[in-house]
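Letter by letter, the chains look like this.
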Amino acid sequence: MPWPAIVAASFAYLLLLFAIAWWADRRADAGRSVIASPYVYALSLAVYCTTWTFYGSVGRAASLGIGFLPIYLGPTLLMLLGPLVLRKILRIAKAQRITSIADFLASRYGRSQGLGGLVALTAVIGVTPYIALQLKAVAVSFDVLWGTDPSGTTGGLTLPVVLDNAFYVAIVMAAFAIMFGTRHIDAAEHHEGMVAAIAFESVVKLVAFLAVGAIVVWGLHDGPTELFAKAAEHPEIRALFTSAPALADGSWLTMTILSMAAVLCLPRQFQVTVIENVDERHLTRALWLFPLYMLLINLFVLPVAVAGLMRFPDHAVDPDMFVVALPLAAGDGWLALLAFIGGLSAATGMIVVEAIALSTMVCNDIVMPLLLRARSARLERLHDLSPLLLTVRRVAIVAILLLGYLYFRIAGSAYALSAIGLISFTAVAQFAPALVGGVYWAGATRRGALAGLSAGILTWVYTLLLPGFARSGWLPAAFIDDGPWGVALLRPYALFGLDGMDPLTHALFWSMLLNIGLYVVVSLLDRPGLGERAQATAFVEVFQHRDTPLPAGAWRGKATVGDLQRIVARFLGPQRAEAAFAQFARRTGLPLEPDRRAGAELVRFAERLLAGAIGAASARVALASAVEGGEVSYPELMRMLDETSHVIEYSRQLEHKTAELERASAALRAANERLKELDRLKDEFLSTVTHELRTPLTSIRALTEVLHDNPDIELEQRQEFLGLVITESERLTRLINQVLDMAKIEAGEIDWQVAPMDLGAALEQAAAATARLFHERGIALEVVVPHGLPPVRGDHDRLVQVAVNLLSNAAKFTPAGGRATLSVTADGDALRVAVTDSGPGIAPEHQAIVFERFRQVGDTMTDKPQGTGLGLAICKRIVEHLGGRIWVDSTPGGGATFAFTVPLAEADVEATQ
């Protein structure tokens with residue numbers, strides 16, 4: 001394809017990105033954010049899918065089959081842990097106004113400038129190969145599309161710098177990053193235009209790759225079945241359909257771990273995932289949308305790789321370039337151009353976000369600490385440092401992209417695209433122990449993080465970065481084969497004699513062993529300072545921490561309100577500083593008089609404003625060193641933080657005690673209500689019992705007086721009166737026995753006789769004891785007790801008592817002419833006894849309380865309770881003591897069924913054994 005058409009299409013696409021970013025920024029300025037959408041947020045996360053995905057995955061699949069999958073399994077696994085890890089990191093970043101991953105780690109470990117600078121420097125060095133990867137992909141795909149290098153095997157280095165399209169892509173991307181990434185000094189603010197453009201790019205590269213895949217599968221072939229059938233005819237291609245190539249080098253687990261760490265620790269991923277997040281709730285949607293995106297963009301990786309191997313045998317074309325070469329071979333130049341635009345989109349998205357994230361880290365964690373410590377006279381005269389800070393970031397963007405281009409020219413031809421990416425992944429993975437440990441382990445210290453990170457980075461440089469230069473000819477080849485100075489134990493691919501691993505796994509093993517080992521050991525032996533402990537608490541307990549205002553007088557520094565306003569204005573600019581302090585005054589209602597001594601809350605507010613602009617560590621130095629006339633010294637700041645931490649801890653303890661008191665008060669209120677209820681029930685019980693006792697006593701007294709006053713009464717009538725006296729005496733005895741039984745049960749004084757027994761015999765005894773009662777009331781009683789029932793484990797007398805109580809209730813509430821049934825059935829490892837009546841039933845609201853003491857639902861016919869209300873409560877205690885349960889099933893007007901279970905004796909023996 002003619003190069004003018006390629007260049008025109010490329011610049012048209014880049015201009016479209018500029019237009020989208022400009023439009024999004026204008027919308028944001030008007031208060032109508034484009035990025036306040038979970039879908040835009042999820043698409044921005046797809047910046048993870050760079051040219052490595054677009055081109056390199058096909059190249060890797062062409063040699064390893066499914067070996068390209070671990071790069072995407074890692075992020076998917078991390079998304080499963082998103083609610084635990086990512087949500088906590090998001091909350092911390094918002095609370096601390098974090099500007100980058102370097103700022104996050106520096107802030108966590110006592111706002112350490114040294115640690116922040118180390119992370120920033122490592123990120124720049126480690127990500128440089130990844131930026132070079134993007135430039136290489138653009139250069140090579142351009143050469144393939146133009147036709148100057150159809151095979152794509154020269155590494156895109158066929159042209160001098162002035163004619164190299166990768167050089168101009170780097171320049172354009174620098175301009176884009178400067179225009180939409182450094183508009184404001186506050187790096188904690190959102191880059192709306194950049195995020196909108198990245199989300200659009202994610203759609204473009206997905207559509208482009210799916211289009212190429214669809215044409216390859218259904219255009220060049222008759223569907224996936226025919227494609228893979230033809231591929232299976234080639235033994236070397238058929239091997240890719242098995243797991244052998246992917247697992248042969250042992251790097252599957254290594255790449256999964258690296259990709260999981262990279263999606264969290266890559267500066268660009270941290271930027272879009274954490275810094276650019278506008279709503280924590282968007283993460284919930286992204287947890288499944290992001291893995292879905294990766295599934296879709298990798299859907300045709302293996303088919304494209306297989307088709308390329310068949311179309312270009314004997315490595316006639318670099319497999320990394322199959323995505324562009326296949327459409328060209330099919331004569332579809334426009335599809336090839338679309339594929340190139342998709343690759344360009346994947347590259348530009350990564351380059352822009354990475355450049356912005358790295359420039360922020362360079363400015364806040366490397367340049368600013370040096371400027372603040374320099375105390376130059378020229379710097380002191382500047383009342384507004386915001387233009388200087390923006391210039392530093394813009395220069396850093398240009399320098400970073402030129403550094404990436406330089407690496408591409410020097411060492412870019414030594415590795416395939418995926419290999420270059422893995423070098424960067426291993427570098428940023430060194431941040432993972434300090435990052436994850438810092439948000440979950442309060443005992444982790446700054447010295448531990450510095451020791452572990454330093455050891456891990458030096459190991460990465462020695463085992464991966466330097467061998468890359470040796471393979472490019474910039475170091476002697478003997479460095480790899482024989483080790484430095486000929487010391488075999490120091491060979492970078494077989495360090496200390498550990499041989500047999502692939503270089504990536506070898507580097508990850510040694511770097512993480514030293515990193516994690518020193519991180520843990522040094523932290524355990526270290527004693528952190530007060531400020532570091534305060535930050536550790538704020539990070540680890542972020543979900544429990546509340547930013548409560550400090551009491552008056554807690555800050556004992558000498559800084560005035562005017563001092564703080566001047567220092568914030570120097571770094572944020574006068575207008576933004578004035579607006580921020582005015583908003584603070586409206587929110588707190590505190591007067592901001594310039595000569596008034598600043599309180600702790602205002603100092604903390606000023607520090608957070610500065611942290612958003614220059615990072616947490618530099619904000620500390622700025623406050624400590626730049627306030628004139630009322631210097632806020634470092635020890636004073638440390639005392640402030642210590643007092644803040646004590647106040648927070650005291651507040652937390654107070655909240656905990658308040659919660660305990662509230663729970664205790666609620667329990668006391670519940671107990672009081674229960675006592676009131678029991679007192680009411682006791683009164684009702686006494687009233688009921690006295691009524692029930694008085695009734696038979698009155699009858700007995702009246703009848704005996706009649707017999708006493710009329711000695712000549714007829715014999716038949718005398719016998720009738722004596723029978724009534726006996727009946728009322730038995731009733732009186734039952735009432736007294738129930739009260740005594742409940743008292744004994746409550747006191748634990750029942751003499752239980754638990755043993756294997758015949759439940760049928762006990763039930764027949766109970767039925768015989770209550771037969772006269774049913775007969776007198778005209779109620780038909782049916783007893784269904786099968787013969788040969790297995791023995792149960794129970795107390796014979798007590799079970800007879802339970803059955804008698806239930807049968808007596810049935811007789812009491814069943815109207816004349818009704819029916820009652822006593823039945824026994826098997827119920828698993830128990831026997832189920834049921835007493836069913838045809839009475840008026842029990843309302844649903846009463847069924848849950850009928851087994852409580854003193855509870856009576858009354859005779860629904862007369863609404864007058866009968867008995868003491870203890871019978872069913874006694875039944876419940878007896879049944880539960882024997883290991884069974886008791887319940888009632890009833891519907892109003894449909895009778896009631898009281899049932900209980902008794903465990904079988906055999907089941908009890910088996911359970912004991």
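The shown structure was predicted, so the numbers you read here are calculated from the model rather than taken from an experiment.

Draft legend 1. Molecular detail of the overall build of the protein. When its secondary structure is counted, the protein shows 37 helices and 7 strands. A total of 913 residues make up the protein; the buried ones form 53% of that total. Counting contacts in the protein only where the partners sit at least 6 residues apart, residues at least 24 apart contribute 80% of the total. Accessible area for the protein stands at about 39,500 Å²; split by element, carbon and sulfur atoms hold 61% of it.

Draft legend 2. Looking closely at unusual backbone geometry. The phi angle at Trp-485 is positive, at roughly 60°, despite the residue not being glycine. Among the residues examined, Trp-485 registers a relative accessible area of 79% and is labelled exposed. One non-glycine residue, Phe-496, lies in positive phi territory at about 55°. Its location among the elements puts Phe-496 in the loop between helix 24 (478-481) and helix 25 (503-525).

Draft legend 3. Region of interest: the packing of aromatic side chains. Under the defined criterion, the tally for this structure stands at 19 aromatic pairs. Ring geometry for Phe-104 versus Phe-270: centroids 5.7 Å apart, planes at 70°, classification edge-to-face. Of this pair, Phe-104 sits in helix 6 (residues 101-108) while Phe-270 sits in helix 14 (residues 267-275), and the two are 166 residues apart along the sequence. The exposure class of Phe-270 is buried, given its relative accessible area of 1%. Taking the centre distance of 5.4 Å and the plane angle of 75° together, the rings of Phe-228 and Phe-241 count as edge-to-face. With Phe-228 in helix 10 (residues 224-231) and Phe-241 in the loop between helix 11 (235-238) and helix 12 (244-248), the pair connects residues that are 13 residues apart, well separated along the chain. By relative accessible area, which is 27% here, Phe-228 ends up partly exposed. Using a relative accessible area of 33% as the deciding quantity, one classes Phe-241 as partly exposed. Above the plane of the ring of Tyr-440 lies Lys-88, whose end atom (NZ or CZ) is 4.4 Å from the centre.

Draft legend 4. Up close: the sheet that holds strand 2 (residues 780-784). Read from one edge of the open sheet, 5 strands run 2-4-5-7-6, paired in mixed fashion. Each having just a single partner strand, strand 2 and strand 6 (886-890) make up the two edges of the open sheet. The average undirected angle you get between the axes of adjacent strands in this sheet is 20°. Against the sheet, helix 33 (residues 759-777) makes contact with strand 2, strand 4 (819-827) and strand 5 (830-837), and its axis sits at roughly 175° relative to strand 4, the strand it touches most.

Draft legend 5. Just a nonpolar patch on the surface, in detail. Taken together, the side chains of Leu-77, Leu-80, Leu-81, Leu-84, Val-436 and Tyr-440 define a hydrophobic patch exposed on the protein surface, amounting to about 560 Å² of accessible area. Every element with two or more residues in the nonpolar patch is listed here: helix 4 (70-80) and helix 22 (432-440). Summarising the element assignment, Leu-84 is placed in the loop between helix 4 and helix 5 (86-96).

Draft legend 6. Structural detail: the pairing of strand 4. As defined by bridge partners, strand 2 adjoins strand 4 across 5 bridges and the pair is classed as parallel. Of the residues in strand 4, the one forming a bridge with Val-784 is Ser-823. With 8 bridges joining them, strand 4 and strand 5 adopt antiparallel strand pairing. Pairing of Asp-827 across the sheet is with Ala-830, part of strand 5. Taking the residues between adjacent antiparallel strands as the criterion, strand 4 and strand 5 are bridged by 2 residues, where Gly-828 takes a positive phi near 70°.

Draft legend 7. Focus on the packing of helix 6 against helix 26 (residues 530-540). At a closest axis distance of 8 Å, the pairing of helix 6 and helix 26 adopts a crossing angle of 120°. Here helix 6 is positioned oblique relative to helix 26, judged by the angle of their axes. Counted together, Phe-104, Ser-107 and Arg-108 of helix 6 and Glu-532, Gln-535, Ala-536 and Phe-539 of helix 26 form the full contact between these two elements. A class-by-class count of the residues in the contact of helix 6 with helix 26 yields 3 nonpolar, 2 polar and 2 charged.

Draft legend 8. Quick peek at the environment of Ala-9. Within the secondary structure, Ala-9 is located in helix 1 (residues 3-29). If we ignore the near neighbours within four places in the chain, the residues touching Ala-9 are Leu-337 and Ile-341.

Draft legend 9. The packing of helix 9 (residues 192-219) against helix 15 (residues 282-297), seen in detail. In the contact formed by helix 9 and helix 15, the axes pass within 9 Å of each other and the chain directions differ by 35°. Contacts between helix 9 and helix 15 involve Ser-202, Val-203, Lys-205, Leu-206, Phe-209 and Leu-210 on the former and, on the latter, Tyr-293, Leu-296 and Ile-297. Classifying every residue of the contact of helix 9 with helix 15 gives 7 nonpolar, 1 polar and 1 charged.

Draft legend 10. Spotlight on helix 10. Residues Glu-226, Leu-227 and Ala-231 constitute the buried set of helix 10. Looking down the long axis of helix 10, one finds its buried residues gathered within 135° of arc, a one-sided arrangement. On its buried face, helix 10 is in contact with helix 9, helix 11 and helix 16 (301-311).

Draft legend 11. Fine view of the confidence of the model for the protein. Residues of the protein with pLDDT of at least 70 account for 82%, and the chain-wide mean is 81. Segment residues 547-556 is flagged for pLDDT under 50; beyond a separation of four residues in sequence, or across chains, it makes 24 contacts in the model.

Draft legend 12. Structural detail: the pattern of salt bridges. A complete count under the given rule lists 9 salt bridges for this structure. The residue Arg-268 makes a salt bridge to Glu-354 at a minimum N-O spacing of 3.0 Å. Here Arg-268, found in helix 14, pairs with Glu-354, found in helix 18 (residues 333-374); they are 86 residues apart in sequence, far enough to count as distant. A residue is classified by how much of its surface remains accessible, and Glu-354, at 0% relative accessible area, is buried. Arg-772 serves as the salt-bridge partner of Glu-776, at 2.8 Å between the closest nitrogen and oxygen. Of this pair, Glu-776 and Arg-772 both sit in helix 33, 4 residues apart, which is roughly one turn of the helix. For Glu-776, a relative accessible area of 54% corresponds to the exposed category. A single salt-bridge network, built from bridges that share partners, covers Arg-87, Arg-91 and Glu-280.

Draft legend 13. Quick look at the side chain of Asp-526. One can find Asp-526 in the loop between helix 25 and helix 26. For Asp-526, a relative accessible area of 16% gives the class buried. Of the polar contacts made by the side chain of Asp-526, one reaches the side chain of Thr-445; its length is 3.0 Å. A distance of 2.9 Å separates a polar atom in the side chain of Asp-526 from a polar atom in the side chain of Arg-447. Sequence-distant contacts of Asp-526, that is, excluding residues within four places in its chain, are made with Thr-445 and Arg-447.

Draft legend 14. Geometry of the environment of Trp-218. For Trp-218, the position within the fold is in helix 9. Classification of Trp-218 as exposed rests on a relative accessible area of 53%.

Draft legend 15. Inspection of helix 15 at higher detail. With 16 residues, helix 15 extends 22 Å from end C-alpha to end C-alpha; this agrees with the ideal 22 Å at 1.5 Å per step. In helix 15, a bend of some 25° at Trp-288 exceeds every other bend along the element, and Pro-291, a proline, comes one to four places later. Looking only at helix 15, the buried set comprises His-282, Leu-283, Ala-286, Leu-287, Leu-289, Phe-290, Pro-291, Tyr-293, Met-294 and Ile-297.

Draft legend 16. Examining the environment of Thr-360 more closely. Relative to the assigned elements, Thr-360 resides in helix 18. Looking at Thr-360, the relative accessible area reads 4%, which means it is buried. Residues Thr-360 and Ile-614, 254 residues apart in the sequence, show an inter-C-alpha distance of 8.2 Å.

Thresholds applied
Residue numbers here run from 1 along each chain, matching the order of that chain's written sequence. Local features in a predicted model are, by the rule used here, given only for residues with pLDDT of at least 70; side-chain atom pairs are given and counted only at 80 or more, and totals for whole chains, interfaces and linings are based on all residues. Side-chain measures here rest on the full set of heavy atoms in the structure, leaving out hydrogens and waters. Runs of H or I in DSSP of at least four residues are treated as helices and runs of E of at least two as strands, each being numbered from the N terminus. Classification of residues uses two cut-offs on accessible area relative to the type maximum, computed with a 1.4 Å probe and protein chains only: under 20% is buried, over 50% is exposed, and between them is partly exposed. By definition in these notes, contact holds between two residues if any of their heavy atoms fall within 4.5 Å. Working definition of accessibility: Shrake-Rupley area with a 1.4 Å probe, residue cover restricted to the visible protein chains. Within 6.5 Å between ring centres, the rings of Phe, Tyr and Trp (the latter by its six-membered ring) count as paired, and their orientation is classed by plane angle as stacked under 30 degrees, edge-to-face over 60, tilted in between. We call a charge positioned over a ring when the NZ of a Lys or the CZ of an Arg lies within 6 Å of the ring centre and within 35 degrees of the ring normal. Pairs of strands are assigned from DSSP output, requiring at least two bridges between the strands. Only C-alpha atoms enter the line fits that serve as axes; for helices the fit covers just the stretch in contact. Angles between N-to-C directions range over 0 to 180 degrees. Two distance rules govern patches: like charges are joined within 9 Å, and nonpolar side chains (Val, Leu, Ile, Met, Phe, Trp, Tyr) within 5 Å, applied only to residues with over 30% relative accessible area and no salt bridge. Just to be clear on terms, a salt bridge is a Lys or Arg side-chain nitrogen sitting within 4 Å of an Asp or Glu carboxyl oxygen. The scheme is simple: roughly parallel for angles under 35 degrees, roughly antiparallel for over 145, roughly perpendicular for 65 to 115, oblique for anything else. When residue character is reported, Ala, Val, Leu, Ile, Met, Phe, Trp, Tyr, Cys and Pro are called nonpolar, Asp, Glu, Lys and Arg charged, and the others, Gly included, polar. Working note: the arc is built from the helix axis to C-beta atom directions. Note on scores: pLDDT gives the predictor's confidence for each residue, bounded by 0 and 100. In protein, a polar contact requires one atom able to donate a hydrogen and another able to accept it; more generally it is a pair of N or O atoms within 3.5 Å, and residues adjacent in sequence count only if both atoms are side-chain atoms. In this scheme, a helix's expected span is set at 1.5 Å multiplied by one less than its residue total. In this scheme, the bend at a residue equals the angle between the axes fitted to the seven residues that finish there and the seven that begin there.

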